[in-house]
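# A look at the structure
Here is what each chain is made of, one letter per residue.
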Amino acid sequence: MGKKTDENKKRILNRYGLIVFLLLGVGLMIIFSAGKIVFTAEGKKWREVGERETIIKDRVILPKRGNIYTYDGKLLATSEPLYSVYMDFWAEGMRKDTLMKYVGDLSVALAKKFPDRTASQYRNIILNGWKLREKEERQLQENATKGSEKKVALRSRYVRILRPDISYVDLKEIRTYPFLNQRSNRSGLIAEEKNARKRPFGNLANRTVGNVYKDLEKGGASGLELKYDSLLRGIEGVKSRQKIQGRWTDIEEIAAKDGYDIVTTLDADIQDVTERALRAKLEETAAESGTAIIMETKTGEIKGIANLDRMSNGNYGEGNPNAFSYMNEPGSTFKTVTVMVAIDDGLITPADSFHVGNGLYQYNGKWVRDHYWRQGRDRGYLTVKEGIEVSSNVVMSKIVLKAYGDDPAKFVKGIDRIGLRKKLTWDVPLNGIEGTSSIRFPDDKVNYWSKTTLPWMSFGYESKVPPIYMLMFYNGIANGGKMIKPFIAKTLLKDGKVVEEYKAEVVNEKMCKDSTLIQIQDMLVGVIENGTAKVVKSDFPIAGKTGTAQIASGGGYSDYYVSFCGYFPADDPTYTCFVGIRKPRGVPSGGGQAGMVFKNIAEQTYVKRTQLAPEQARIDSTLQKMPAIKSGSWGNSQAVLSMLNFKSSVSDSASDWVKVKYDSVAYHPQALAINKNSVPNVLGMGAKDAVYLLEKSGLRVNLTGSGKVVSQSFTPESKLIRGTTISITLR
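All of the points below concern the structure found in this document. In every chain, residue numbers begin from 1 and rise along the written sequence. Restriction of local features to residues with pLDDT of at least 70 applies here, the model being predicted, together with a cutoff of 80 or more for giving and counting side-chain atom pairs; totals for whole chains, interfaces and linings are based on all residues. The side-chain quantities take in all heavy atoms of the structure and omit both hydrogens and water.

### Let's talk about the overall build of the protein
Along the backbone of the protein there are 21 helices and 30 strands. Radius of gyration here is computed from C-alpha atoms only, and the compact-globule reference equals 2.2 Å multiplied by the residue count raised to the power 0.38. The C-alpha radius of gyration of the protein comes to 38 Å, more than 25% above the 27 Å expected for a compact globule of 731 residues. Projected onto the principal axes, the alpha-carbon positions of the protein cover approximately 150 × 80 × 55 Å. Counting all 731 residues of the protein, 46% fall into the buried class. The long-range share in the protein, meaning contacts at least 24 apart out of those at least 6 apart in sequence, stands at 67%. Every accessible area reported is derived by Shrake-Rupley at a probe size of 1.4 Å, with residue values counting cover from the shown protein chains alone. As displayed, the protein has an accessible area near 38000 Å², and 51% of this comes from carbon and sulfur atoms. Across the protein, the mean location of the 108 positive side-chain charges is 7 Å away from that of the 82 negative side-chain charges. A helix here means a DSSP run of H or I that spans at least four residues, while a strand means a run of E at least two residues long, and both kinds are numbered starting from the N terminus. Each residue's exposure class comes from its accessible area (1.4 Å probe, protein chains only) as a fraction of the maximum for that residue type: buried when under 20%, exposed when over 50%, partly exposed otherwise. In what follows, residue pairs with any heavy atoms lying within 4.5 Å of each other are defined as contacts. Counted charges follow a simple rule, with Lys and Arg positive, Asp and Glu negative, and His plus the chain ends left uncounted. By convention, the point assigned to a charge is CZ for Arg, NZ for Lys, CD for Glu and CG for Asp.

### Structural notes on the sheet that holds strand 25 (residues 632–633)
Taken together, three strands build an open sheet; the order of strands is 25-26-27 and the sheet is antiparallel. Across the chains shown, the open sheet's two edge strands, defined by having one partner strand only, are strand 25 and strand 27 (667–671). By this definition, two strands are paired if DSSP reports at least two bridges between them. Bridge analysis of strand 25 against strand 26 (residues 657–662) gives two bridges, and the strand direction is antiparallel. By the bridge assignment, glycine 632 is partnered in strand 26 with valine 658.

### A word on the packing of helix 12 (residues 335–344) against helix 14 (residues 393–404)
Axes, fitted as lines to C-alpha atoms, cover a helix only where it is in contact. Angles between the N-to-C directions of the axes lie from 0 to 180 degrees. Two elements in contact, helix 12 and helix 14, have axes separated by 11 Å at closest approach and are oriented at 30°. Viewed along their axes, helix 12 and helix 14 form a crossing whose handedness is left-handed. Two secondary-structure elements touch here, helix 12 through Lys335, Thr338, Val339, Val341 and Ala342 and helix 14 through Asn393, Met396, Ile399, Val400 and Tyr404. Tallied by class, residues from the contact of helix 12 with helix 14 come to seven nonpolar, two polar and one charged. Here is the rule for handedness: rotate from the far helix to the near one, and if that takes an anticlockwise turn smaller than a right angle the crossing is left-handed, while a clockwise turn gives right-handed. By the convention adopted, Pro, Cys, Tyr, Trp, Phe, Met, Ile, Leu, Val and Ala count as nonpolar, Lys, Arg, Asp and Glu as charged, and the other residues, Gly among them, as polar.

### A closer look at the pattern of salt bridges
Salt bridges are counted wherever a side-chain nitrogen of Lys or Arg sits within 4 Å of a carboxyl oxygen of Asp or Glu. Tallied over the full model, the rule gives 28 salt bridges. Two residues, glutamate 301 and lysine 303, come together in a salt bridge whose shortest N-O distance is 3.1 Å. When sorted by exposure, glutamate 301 lands in the same class as lysine 303, which is buried. Here the salt bridges do not stand alone but share partners, grouping Arg65, Arg197, Glu225, Asp229 and Arg233 into one network.

### Structural notes on the packing of aromatic side chains
Put simply, two rings from Phe, Tyr or Trp (the six-membered ring, in Trp's case) pair if the centres are within 6.5 Å, and we call them stacked under 30 degrees between planes, edge-to-face over 60, tilted for the rest. Following the criterion strictly, the structure yields 18 aromatic pairs and no others. Ring centres of phenylalanine 324 and tryptophan 426 lie 5.8 Å apart, and the angle between their planes is 50°; on these two criteria the pair is classed as tilted. In this pair, phenylalanine 324 is assigned in helix 11 (residues 322–325) and tryptophan 426 in the loop between helix 15 (408–418) and strand 16 (438–439), connecting sequence segments 102 residues apart. Ring geometry for phenylalanine 540 against tyrosine 606: centres 4.1 Å apart, planes inclined by 15°, an arrangement best described as stacked. Pair noted here: phenylalanine 540 is in the loop between helix 18 (514–530) and strand 22 (543–553) and tyrosine 606 is in helix 19 (residues 590–609), with a separation of 66 residues, a long-range link. The exposure class of phenylalanine 540 is buried, given its relative accessible area of 7%. Exposure remark for tyrosine 606: the relative accessible area of 25% places this residue in the partly exposed category. An aromatic cluster is defined as three or more aromatic residues linked by ring pairs; in this entry it consists of Phe540, Phe564, Phe568, Tyr575, Phe598 and Tyr606. The criterion is that NZ of a Lys, or CZ of an Arg, lies within 6 Å of the ring centre and within 35 degrees of the ring normal, and then a charge sits over that ring. Over the ring of tryptophan 90 we find arginine 133, and its NZ or CZ is 4.6 Å from the ring centre. Between the NZ or CZ atom of lysine 485 and the centre of the ring of tryptophan 426, over which it lies, the distance is 5.7 Å.

### What to know about the pairing of strand 13 (residues 360–363)
As a general feature of sheets, a regular strand has side chains that alternate between the two faces. Two strands pair when backbone bridges link them, and strand 13 and strand 14 (residues 366–369) are joined in this way by four bridges, in the antiparallel orientation. Among the inter-strand pairings, glutamine 362 is bridged to a residue of strand 14, identified as tryptophan 367. What sits between strand 13 and strand 14 in their antiparallel hairpin is a turn of two residues, with asparagine 364 showing a positive phi close to 55°.

### Here we look at the packing of helix 3 (residues 96–113) against helix 4 (residues 119–146)
At a minimum axis distance of 7 Å, the contact between helix 3 and helix 4 shows a crossing angle of 150°. On the basis of the axis angle, helix 3 is roughly antiparallel to helix 4. Here helix 3 and helix 4 pass one another in a crossing that is right-handed. Residue-level contacts link Lys96, Leu99, Met100, Val103, Gly104, Leu106, Ser107, Val108, Leu110 and Ala111 of helix 3 to Ala119, Tyr122, Arg123, Ile126, Leu127, Trp130 and Glu134 of helix 4. In terms of residue class, the contact of helix 3 with helix 4 is made up of 12 nonpolar, two polar and three charged. When describing relative orientation, an angle under 35 degrees is termed roughly parallel and one over 145 degrees roughly antiparallel, while 65 to 115 degrees is termed roughly perpendicular and anything else oblique.

### Side note on the state of the cysteines
Disulfides are defined as cysteine sulfur pairs within 2.5 Å. One pass over the full model with this rule turns up zero disulfides. Take cysteine 565: it sits in no disulfide, and the sulfur closest to it among the cysteines is that of cysteine 577, at 7.4 Å. Residue cysteine 565 is classed as buried on the basis of its relative accessible area of 0%.

### With respect to helix 3
An expected span of 1.5 Å times one less than the residue number is assigned to each helix. The end-to-end C-alpha distance of helix 3, which contains 18 residues, comes to 25 Å, matching closely the 26 Å that a straight helix rising 1.5 Å per residue would cover. Valine 103 marks the point of greatest bend in helix 3, at about 45°. Along helix 3, the positions that sit buried rather than exposed are Leu99, Val103, Leu106, Ser107, Ala109, Leu110 and Ala111. The bend reported for a residue corresponds to the angle between axes fitted to the seven residues ending at that residue and the seven starting there.

### Concerning the environment of methionine 94
Residue placement: methionine 94 occurs in the loop between strand 3 (75–87) and helix 3. Sequence separation of methionine 94 and alanine 602 is 508 residues, and the distance between their C-alpha atoms is 66 Å. Residues contacting methionine 94, with those up to four places away along its chain left out, are Met87, Asp88, Phe89, Trp130, Phe179, Asn185, Arg186, Ser187 and Gly188.

### Some thoughts on the sheet that holds strand 9 (residues 289–296)
The strands making up a sheet associate through backbone hydrogen bonding, with each pair oriented either parallel or antiparallel. The six strands lie next to each other as 11-10-9-24-23-22, forming an open sheet whose pairing is antiparallel. Single-partner strands in this sheet number two, and they are strand 11 (316–318) and strand 22. Between one strand axis and the next, the sheet turns by 20° as a mean value, whatever way the strands run. With eight bridges connecting them, strand 9 and strand 24 (residues 575–582) associate as antiparallel partners. Of the residues in strand 24, the one forming a bridge with glutamate 296 is tyrosine 575. Helix 18 contacts strand 22 and strand 23 (556–568) of the sheet and is inclined by roughly 80° relative to strand 22.

### A word on helix 20 (residues 634–643)
The complete set of buried residues in helix 20 reads Trp634, Ser637 and Leu641. Looking down the long axis of helix 20, one finds its buried residues gathered within 70° of arc, a one-sided arrangement. Structurally, helix 20 contributes buried residues whose contacts are with strand 25, strand 26 and strand 27. Directly after helix 20, the chain includes asparagine 645, whose backbone phi takes a positive value near 65°. The arc refers to the directions leading from the helix axis to the C-beta atoms.

So, to be careful, I would describe these as geometric facts and stop short of saying anything about function.
Structure, rendered in C-alpha cells:
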C-alpha cells in the first residue's frame, strides 16, 4: 500500500513538473515576443499599425470665439456650435443587411428635413459610401495576399452626408432617424463640431460689429471682429481620437483657451432708433448713402452708429464704415471751426459785422456765393453771429481774409490748437488716410496753396474731414471745451470677469478759452432758433450747425453732401450727434434732410432718458390692461396673481393644467383634458410647461423659438406613440 502511494505521488509530481515546464516555455515565448516587438523593426511596424487603427493624433480643438455685447449685456455677436455630419462606413458594428433594410426610410427622412437633396440622392450617397468601403476592403485583402505594405486610403471612413452644417437641435433629431438611432459604432454617424458666428439682433450695428470669414478659423474680416481678432479668437487646443472598447473617443491633450468677450458702448435701443431714422430719410430722398453717429457727451461712448449704402437691389444696408472713412469736404459745419479760431485769437467778436449785400462776393476772380444769392435780396450787413445762423459763406470768407489774409499759417495753427489735425486710430480698422483729417497748410508742397484756398477753407472746402472728427469737435463744444475721442470697445471680459476697461482718450483738454466757448454755444443755439435749422427745433433745447457741400468729382463739383452736427439738451448736454447724407434727391438741405434725422434720433433718445417721479406716474384706470397669462400650470400662475392682488376664480377641475381666460374683473382657469394615451394640447403654453408635459407623456421634444407655443407637429388628443419626437414652435 505504501509503495503504491509513493508511485502515485511521483506520477503527480511528474505531471506538475511538465505543466510548470510548459508554462515556463510559454512565458519565455511571451517575453521573447515582447522583446521582439519592443526592440526590432518588425515590432515598430506592428506598433504603428496598432496606433493607426486605434489612435488619430493631433486633431485641433477649436476655441470658442468671444462674444460681443452692448453696454448692458445684450448679445450683438456670439458663437454657436454647428455640426458637419459624416458617416464612417468602417464603423466596427456597421452591418450591411441592417443598412440596406433602413437606407430607404433614412433617405426619405433626410430629404424631408434637408430638402436641398432628394431622397434618391441621399440613398445614392449612402449606398456609394458602402460600395467604396467594400472596394477598399478588397484592396486591403489583395495587398495582404501579396504581402504588400502599400497603404490604402480609407475614404469611406468620412463620407459627408449633409451639405449644410446643422445645429445641435437638428443633430438630436437626425439621431432619431432609422439606422442613425443606433450607437455610433453601429450607425457610423460622426458629428464634427465647429463654431459659427450668430447675430441675435440680426444686422443691428452690422458694419461696426463687423464680420468674420466663412471659415471661422481665419478670424475677423471687418469692424470690431477684425480690430480685436487676436483677443476674440482664443487659442486652439489639441486632442487625439482613440478607439476604446470598440468606440472612438476624443482624448484632450492640450485644452483650448476660449477668446475674450468684448462689451461695447452701444445701446441696442438707441442703435435701433439711429438706423431706422437714417434709413427712413435715405429711402425718402433716394440718397446714395448716409451716416449717423450718436455719443454720450461726457464719456465719449458711442451709443449708436449707422453706415447705410444703397445696394444693387435698391435697398439700404450696412456697407462702408463711412462714419470713419468718408473723406469729403465738410461744408458749412466747418464754419464753427473758423469762428472759434478767429474769436479765440482775439481778431473778431460775435458782434462784428460784414457786408454781404445780395450774397455775392468776388475774390481773386472767383465768386463766393451764399445759398440765398438767387433771391436778389440785399441783406446789407450781417454780424458774425448772424453769419453762423444763416450759414453765410460771404461772412466766413471776409472773416478769414480780414484776420488771416497776411498770415494764413496762423489760421491753420489755430485749427491745430483745437486738435482737428491730430492723427487718431479708431475701433474700426481703416487703410491709408481714411479716418484722419486732411487739412491744408500754406507750405504744403503736394497740395499747392492758392490765393483762394484761405477763403474757401473758411466755409468748409479745400479740406477733408471725416464725420467722426466733426462729431468729436462738436462734442468738445458741448463738453465744456474738452475734446475726447469717441470709442466703441468698452470692457474686456474673461470668464465674466473684467480684465481691462477702456476709457475715452483726451485729445485736447481745452479747445479754446471759456469766453470763446460760451459765445460759440450761444451761436449754435441761434442756428436752431433763428437760422437754417429752425425745422430741427423741438420741445427741449438743441444746439448745432447745418452743412451743405458740393461733392468734388472729375475736376469739378456735382451732387451734394448734406450734414448736421449738434448736441442736446443744449442747456445740459447729454448726447452729441452727427448725421450726413450723400447725394440726396430734391433740394439739398442740411436742416431739412440731415437735420430732420438728427431731430428724430434726439427726440426718441430724449424720451428714453426721461424719468417720471412716482407721483407723476399715477395709474389711469381707463387705460389699465390685465397682463396675459399663458396656458399651463395653474398653481404657479395663481401664486403670482395672488401676490399681485389680481382676482381669479377657482379652477373647475382638480387638474392643474389649464388655459386661462380673463375679463376686466378676474382670471378664469379652464381645465385642459390630459389623457395618458393621447398627445397633450400644449398650445398657448410657455416652454417650461410644454416641455415638462410632453416629456412626462413619453415624447421627445424638438423646440424652436421663444414665447408661447403656437404650433405642435402632432395634433392634440391624437394617439400617443411614446418615444417619438414632437416638434413645437414658440412665438
